[in-house]
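Remarks on the overall topology
For reference, the chains in residue letters:
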Amino acid sequence: MELTFNVRRGDGRTKDATYQAYHVDVEPETSVFEALVKVREEQDGTLAFRGNCAVGFCGDCTMLVNGRQEVTCLTTVSKALKDDAIKIDPIPYAPTVKDVMYDAKRFIWDKVNSFSPGVVFNGAGWGGAQAVTDDDLRPVRRAMRCTMCGICDQGCTVIDVNLDFKGPAALTKVYRYVFDPRDGRAKERVVEAGETNGVWDCVHCWEASDHCPFDIDPTHRIMDLRDRSVRLGVKSGTGNRQAARHYNAFERSVENHGWLDERNVAIQSYGGLIKGGLKMMPTGLAALRRGKANLLPHPKRPGASAIKALFARYREVTRTER
Ligand code: SF4
């Protein structure tokens, strides 16, 4: 079949998009990546894009195909085709080096490498060998299939406003080590992941999971990391006390009142009555003016004592689990 690729060209600094058309004759089942390789080999050796394994293993060939993030070696031209043409753009959020080639180091690998790498053997197994069964590894099997394609980061609503957020891809990598039964550094890893821009900055919008083409469910992996952190007694990173304060204030509010006292949680999260009160003053005054807050003590919900009992039971159970 004959089709047209409209590929964005430029040196990465150009603001106005210019598209170059390439006409190519390929089979319908040819992948978008292979078709672009054909263009580069037969028509234009200057066309720049990323790609490596061509079998969906390395996740390197991610591009915007007709406006959708795709792992292009797994996307056939027949599936991608729209009005006899395929428009190719670089992925957003990642700096573009040239044409549709993105800077993978800055986009994803610097974030991954900011965490401790590799499994650090914990001594479990026979005579020090890292012997694990298939069942032992089951919790991390799914995360081990992550290709680092970064499509979850492209869908992330936090990265959309804060490029420094570590993002679901890098945090999925942390999960993969924390939940590996052979690893002995879980506590240090969740402390690292709890620093600013880490797990506690996720707003659980679930877009990352919706975007992942490999069903890794990265948002869930972040929630699992939070859960493991708390179970290990770690509620934040050492330089990110706000997350722990928020966590504790939230918990105390529900435990004591049976529901959330948002006013007090905000004040406590920012450092207590004086520091947090001053910080929240403009927001608080605006909320008072609009009738969205009042100065009355926070009332207890009916049944608050039952909720308190649930907390007590939860503490008893988690104490024995740790
Ligand atoms: S979690 Fe999914 S979308 Fe994110 S990098 Fe891994 S494979 Fe790609």
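The structure presented is a predicted model; accordingly, all values stated were derived computationally and were not measured. (Residues numbered from 1 in each chain as written. Predicted model: local features only at pLDDT ≥ 70, side-chain atom pairs only at ≥ 80, totals over all residues. Heavy atoms only, no water.)

Describing the overall build of the chain
A count of helices and strands for the chain gives 13 helices and seven strands. Projecting the C-alpha coordinates of the chain onto the three principal axes gives extents of approximately 75 × 65 × 30 Å. Put simply, the chain has 322 residues, and 43% of those count as buried. Restricting the contact set of the chain to residue pairs at least 6 apart, pairs at least 24 apart contribute 63%. For the chain, the exposed surface amounts to about 17500 Å²; the carbon and sulfur share of it is 53%. (Helix = DSSP H or I, 4+ residues; strand = E, 2+ residues; numbered from the N terminus. Buried < 20%, exposed > 50% of the residue type's maximum accessible area, 1.4 Å probe, protein only. Contact = heavy atoms within 4.5 Å. Areas by Shrake-Rupley, 256 points an atom, 1.4 Å probe, with all protein chains shown as cover.)

A few points about the site of the ligand
Around the ligand sit 13 residues, and of these Cys146, Cys149, Gly150, Cys152 and Cys212 come closest. Across the shell around the ligand, the residue classes tally to 11 nonpolar, two polar and no charged. (Near = heavy atom within 4 Å. Nonpolar A, V, L, I, M, F, W, Y, C, P; charged D, E, K, R; others polar.)

Digging into the packing of helix 6 (residues 167-178) against helix 7 (residues 186-193)
Here helix 6 crosses helix 7 at 165 degrees, and the two axes come no closer than 9 Å. As the angle between them shows, helix 6 and helix 7 are arranged roughly antiparallel. As helix 6 runs across helix 7, the sense of the crossing is left-handed. Note on element contacts: helix 7 touches helix 6 through Ala186, Arg189, Val190 and Ala193, opposite Leu171, Val174, Tyr177 and Val178. For the contact of helix 6 with helix 7, the residue count by class is seven nonpolar, no polar and one charged. (Axes fitted to C-alpha atoms, helices over the stretch in contact; angles between N-to-C directions. Parallel < 35°, antiparallel > 145°, perpendicular 65-115°, else oblique. Left-handed = near helix turned anticlockwise from the far one by under 90°.)

Looking at the nonpolar core
Counting 37 residues, the largest nonpolar core has Phe165, Leu171, Val178, Val199 and Leu225 as its most contacted members. Elements with a minimum of two residues in this core: helix 3 (104-112), helix 4 (134-144), helix 6, helix 7 and helix 9 (218-231). Each of domain 1 (2-102) and domain 2 (105-231) gives at least three residues to this core. With near-sequence residues (within four places) excluded, Phe165 lies in contact with Lys111, Cys156, Val158, Ile159, Leu171, Asn197, Gly198, Asp201 and Cys202. Counting residues in hydrophobic clusters, the runner-up holds 29 residues, among them Phe49, Ala80, Ile86 and Cys212. (Core = buried A, V, L, I, M, F, W, Y, C linked by side-chain atoms within 4.5 Å. Domains from an automatic or database assignment.)

Here we look at the packing of aromatic side chains
For the structure on display, the rule yields four aromatic pairs. Here the aromatic rings of Tyr102 and Phe107 are separated by 5.7 Å at their centres, their planes lie at 85 degrees, and the arrangement is edge-to-face. Tyr102 gets classed as buried once you look at its relative accessible area, which sits at 3%. Relative to Tyr247, the ring of Trp200 lies with its centre 6.1 Å away and its plane at 75 degrees, an arrangement referred to as edge-to-face. In this pair, Trp200 is assigned in the loop between helix 7 and helix 8 (207-211) and Tyr247 in helix 10 (residues 241-257), connecting sequence segments 47 residues apart. (Phe/Tyr/Trp six-rings, centres within 6.5 Å; stacked < 30°, edge-to-face > 60°.)

Details of the layout of surface pockets
Put simply, the largest pocket is a space of about 590 Å³. If you trace the largest pocket, you find 23 residues lining it, with Arg263, Gly284, Ala287, Ala293 and Asn294 closest to the centre. Where the lining of the largest pocket is concerned, the elements lending two or more residues are helix 11 (262-269) and helix 12 (273-289). In terms of residues, the lining of the largest pocket owes the most to one element, helix 12, which gives eight residues. Empty space within the second largest pocket amounts to approximately 490 Å³. As for the second largest pocket, its lining consists of 18 residues, of which Trp200, Gln242, Ala243, His246 and Tyr247 are closest to the centre. Counting residues per element, the ones that place at least two in the lining of the second largest pocket are helix 10, helix 11 and helix 13 (304-321). Top contributing element to the lining of the second largest pocket by residue count: helix 10, with six residues. (1 Å grid on protein atoms, 1.4 Å probe; cavity = no way out; pocket = protein on both sides within 12 Å on 5 of 7 lines; lining within 4 Å. Points joined across faces, edges and corners; volume = space filled by probe spheres on them.)

Shape descriptors only; they carry no functional weight alone.
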